[in-house]
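Below, each chain spelled out in residue letters.
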Amino acid sequence: MKKKVLISGASFAGLTLAYWLNKFGYQVTVVELGKGLRKGGSPIDVRGKAMDVVKEMGILQKIKAHEFIHTDEIVNAKGETLTSFSVNALEEYRGDIEIHRSDLVEIIFEIVPKDEVEFIFGNSIKTLIQHENRVEISFENGSDSSFDFVFGADGTHSMVRRLVFGAEENFKKFFGVYFAFAKADHIYTGRSGNTGIIYRELGKEAVIYHFKDGANAILMFRAPKLDWNYRNDEQQKQILKEYFGNNTNWKIPDILDSMLHSDNLYFDEASQIHMPTWTKGRVALVGDAAYAPSFFTGMGTSLALEGATLLANELHVSEDYTTAFGKYNETFKPFAESIQARITRGLKVQLPETEEEFQASITALRNNEKLS
């Protein structure tokens, strides 16, 4: 009889884990809080060993077909170009693939057999009770079930982690930055095609990414720890209004208006998750739920793909799950921690706090130098 597994979260880690566990003979159920796949957001990267993962999954060519090759510009408050550059041309990023988040989510979702893997959208885990030979789950919609294993692939604010390991604050490290994403198809910048337009102030950044069938906007800002709820959209919009409502530079008023009227706003804080272990009993965490590096490292997606693949492979080849979970922790933790250590550099480049840091980042980009 197939072992039953529940995966909480239908993003990169959850979908990749579902693909492999189904392939290895498990009966897989995926539960996702959202009413469908979460799309939108900024372009993301597939880097390093994650390239081997997508090749093994048979989707490398599909990803290459959707590669987002673009030119970025940094502009001043009047929209005048200060410098232009191509991240893909920088030596440290050659060989990587940048792709829109929506495209990659859909590509992975497509290869998970829907007649074999059950997807439950618009629902979430409410309670989780572990026994020696099973995990009992009750869902927010009132239904109950039991599984051999449960995997938390439900992001930085993981419900599985909270239920099994404890409060989020015990594992989260906050880096003093908040960010928001929303669609911005109607905002005119005078550019077209695959172009990213970036406006920076000390401690703030606004971005519009143009692509073939629309545009996405991003707002980022440094701030002390705020009292906010990641499920409360109206509260998040009020925070954006407080920090950007009086800013008339560049396209900020238009971006803010788009976000305040968005039905699909994504708002979060720049933080990392650090845990002594990612497994407990018959439960394991993967992706951002276990080792969120923050998007300032540029490696969140690649870590999710690699970690999910490693975890599935260990379960496939190990004689028992305790051995598999142990190897997953032992093998992947040093790499994940090395990626998390990159955040300081990313923050300095994208949200400079001094005029000196600002000018240094402009010069490095202008000369296609490593962003140190």
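Up top is the structure.
Residues numbered from 1 in each chain as written. Predicted model: local features only at pLDDT ≥ 70, side-chain atom pairs only at ≥ 80, totals over all residues. Heavy atoms only, no water.

Student: Explain the overall build of the protein residue by residue, including any values.
Tutor: A tally of helices and strands in the protein yields 12 helices and 18 strands. At 21 Å, the protein has a C-alpha radius of gyration in line with the 21 Å of a compact globule built from 372 residues. Seen along its three principal axes, the alpha-carbon backbone of the protein occupies a region of about 65 × 40 × 35 Å. The burial tally for the protein puts 57% of its 372 residues in the buried class. Residue pairs in contact within the protein that sit at least 24 positions apart in sequence constitute 70% of those at least 6 positions apart. For the protein, the exposed surface amounts to about 16400 Å²; the carbon and sulfur share of it is 47%. In the protein, 42 side chains carry a positive charge and 51 a negative one; their mean positions are 1 Å apart. (Helix = DSSP H or I, 4+ residues; strand = E, 2+ residues; numbered from the N terminus. Rg over C-alpha atoms; globule rule 2.2 N^0.38 Å. Buried < 20%, exposed > 50% of the residue type's maximum accessible area, 1.4 Å probe, protein only. Contact = heavy atoms within 4.5 Å. Areas by Shrake-Rupley, 256 points an atom, 1.4 Å probe, with all protein chains shown as cover. Lys, Arg positive; Asp, Glu negative; His and termini not counted. Charge placed at Lys NZ, Arg CZ, Asp CG, Glu CD.)

Student: Which residues make up the environment of threonine 127, and what values do they have?
Tutor: Along the polypeptide, threonine 127 turns up in strand β8 (residues 125–130). It is 7.0 Å that separates the C-alpha atoms of threonine 127 and phenylalanine 139, two residues lying 12 residues apart in sequence. The contacts of threonine 127, once residues within four sequence positions are left out, are Glu136, Ile137, Ser138 and Leu163. Of the polar contacts made by the side chain of threonine 127, one reaches the side chain of serine 138; its length is 2.2 Å. (Polar contact = N/O pair within 3.5 Å; in protein donor to acceptor, adjacent residues only side chain to side chain.)

Student: How would you summarise the sheet that holds strand β12 (residues 172–183) if you had to cite specific residues and measurements?
Tutor: The strand order across the open sheet built from 7 strands is β5-β4-β13-β14-β15-β12-β16, with neighbouring strands paired in mixed fashion. Every other strand in the sheet has two partners, leaving β5 (81–85) and β16 (266–273) as the edge strands with one partner each. Along the sheet, successive strands turn relative to each other by an average axial angle of 20 degrees, direction set aside. Note that strand β4 (residues 71–75) and strand β13 (residues 195–201) share 5 bridges and pair parallel. Each bridged residue has a counterpart across the sheet, and for isoleucine 74 the counterpart in β13 is isoleucine 198. Contacts from helix α6 (residues 233–244) reach β12, β14 (204–211), β15 (214–222) and β16 within the one sheet, and its direction differs from that of β15 by about 70 degrees. (Pairing = 2+ DSSP bridges. Axes fitted to C-alpha atoms, helices over the stretch in contact; angles between N-to-C directions.)

Student: An account of the layout of surface pockets is requested, with residue identities and associated values reported.
Tutor: What the second largest pocket holds in volume is close to 220 Å³. Around the second largest pocket sit Lys49, Asp52, Val53, Glu56, Glu306, Thr309, Leu310, Asn313, Thr331, Phe332 and Phe335, which together line it. Put simply, the parts of the chain that give the lining of the second largest pocket at least two residues each are α2 (50–56), α9 (300–317) and α10 (321–340). Examining the composition of the lining of the second largest pocket, we find that 4 residues originate from one element, α9, more than from any other. Broken down by class, the residue content of the lining of the second largest pocket amounts to 4 nonpolar, 3 polar and 4 charged. (1 Å grid on protein atoms, 1.4 Å probe; cavity = no way out; pocket = protein on both sides within 12 Å on 5 of 7 lines; lining within 4 Å. Points joined across faces, edges and corners; volume = space filled by probe spheres on them. Nonpolar A, V, L, I, M, F, W, Y, C, P; charged D, E, K, R; others polar.)

Student: Give me the lowdown on helix α1 (residues 12–23), citing residues and values where you can.
Tutor: Relative to the 16 Å expected for 12 residues at 1.5 Å per residue, α1 spans 17 Å between its end C-alpha atoms, a close match to the ideal helical length. α1 sits mainly inside the fold: 11 of its 12 residues count as buried. For α1, the complete set of buried residues consists of Phe12, Ala13, Gly14, Leu15, Thr16, Leu17, Ala18, Tyr19, Trp20, Leu21 and Asn22. Immediately downstream of α1, the backbone of glycine 25 shows phi near 95 degrees, a positive value. (Expected span 1.5 Å × (residues − 1).)

Student: For the packing of aromatic side chains, give the residues involved together with the corresponding values.
Tutor: Within the structure shown, the criterion is met by 29 aromatic pairs. Look at phenylalanine 174 and tyrosine 178: their rings are 5.2 Å apart centre to centre, the planes differ by 50 degrees, and that puts the pair in the tilted class. Exposure remark for phenylalanine 174: the relative accessible area of 23% places this residue in the partly exposed category. On the numbers, 5.7 Å between centres and 20 degrees between planes, the contact of tyrosine 178 with phenylalanine 221 is stacked. In this pair, tyrosine 178 is assigned in strand β12 and phenylalanine 221 in strand β15, connecting sequence segments 43 residues apart. With respect to class, tyrosine 178 is no different from phenylalanine 221; both count as buried. The lysine or arginine in question, lysine 4, covers the ring of phenylalanine 147, its NZ or CZ lying 5.1 Å from the ring centre. In this arrangement the basic side chain of lysine 204 is found over the ring face of phenylalanine 244, its NZ or CZ atom lying 4.9 Å from the centre. (Phe/Tyr/Trp six-rings, centres within 6.5 Å; stacked < 30°, edge-to-face > 60°. Lys NZ or Arg CZ within 6 Å of the ring centre and 35° of its normal.)

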